[in-house]
Amino acid sequence: MIKFALPSSGHITLDVFNSLGEKVTSLINGMMEAGFHSVAFDATHLPSGIYFYQISTVLKYSQRKWYYSNRVLTQRSENL
């Protein structure tokens, strides 16, 4: 589960990348309201590895790192 907060409404994209920088999938591409949100990500079809997600808006973006091993997805709490 990816949890995030938006300070204002707007168009956002949430993309997932592998450790080579290749886009694995796009989970969100559209308008969202301000507030707290969460989105499920099913990684069972992916090999074990490190994955990154990037949330982009018109004004800024944020990246985070995931460690994915044996079908268990965890999120590091640090910003990149």
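A quick note: this is a predicted structure, and the numbers were derived from the prediction, not measured. (Residues numbered from 1 in each chain as written. Predicted model: local features only at pLDDT ≥ 70, side-chain atom pairs only at ≥ 80, totals over all residues. Heavy atoms only, no water.)

*Asks:* How should the side chain of D15 be read in this particular structure?
*Replies:* Within the element layout of this structure, D15 appears in strand 2 (residues 10-17). Here the side chain of D15 touches S26 through a polar contact of 2.8 Å, side chain to side chain. Once residues within four sequence positions are removed from consideration, D15 is found in contact with K23, T25, S26, F52, Y53 and Q54. (Helix = DSSP H or I, 4+ residues; strand = E, 2+ residues; numbered from the N terminus. Polar contact = N/O pair within 3.5 Å; in protein donor to acceptor, adjacent residues only side chain to side chain. Contact = heavy atoms within 4.5 Å.)

*Asks:* Which parts of the structure should I look at to understand the environment of V16?
*Replies:* Residue position: V16 is located in strand 2. A residue is classified by how much of its surface remains accessible, and V16, at 0% relative accessible area, is buried. For the pair V16 and Q54, spaced 38 residues apart in sequence, the C-alpha separation works out to 6.5 Å. (Buried < 20%, exposed > 50% of the residue type's maximum accessible area, 1.4 Å probe, protein only.)

*Asks:* For this particular structure, what's the right way to read the side chain of H37?
*Replies:* Relative to the elements of secondary structure, H37 occurs in strand 4 (residues 35-39). Only 2.7 Å separates the side chain of H37 from the backbone oxygen of E33, close enough to count as a polar contact. Ignoring sequence-local partners within four residues, the contact set of H37 consists of I2, K3, F4, L6 and M32.

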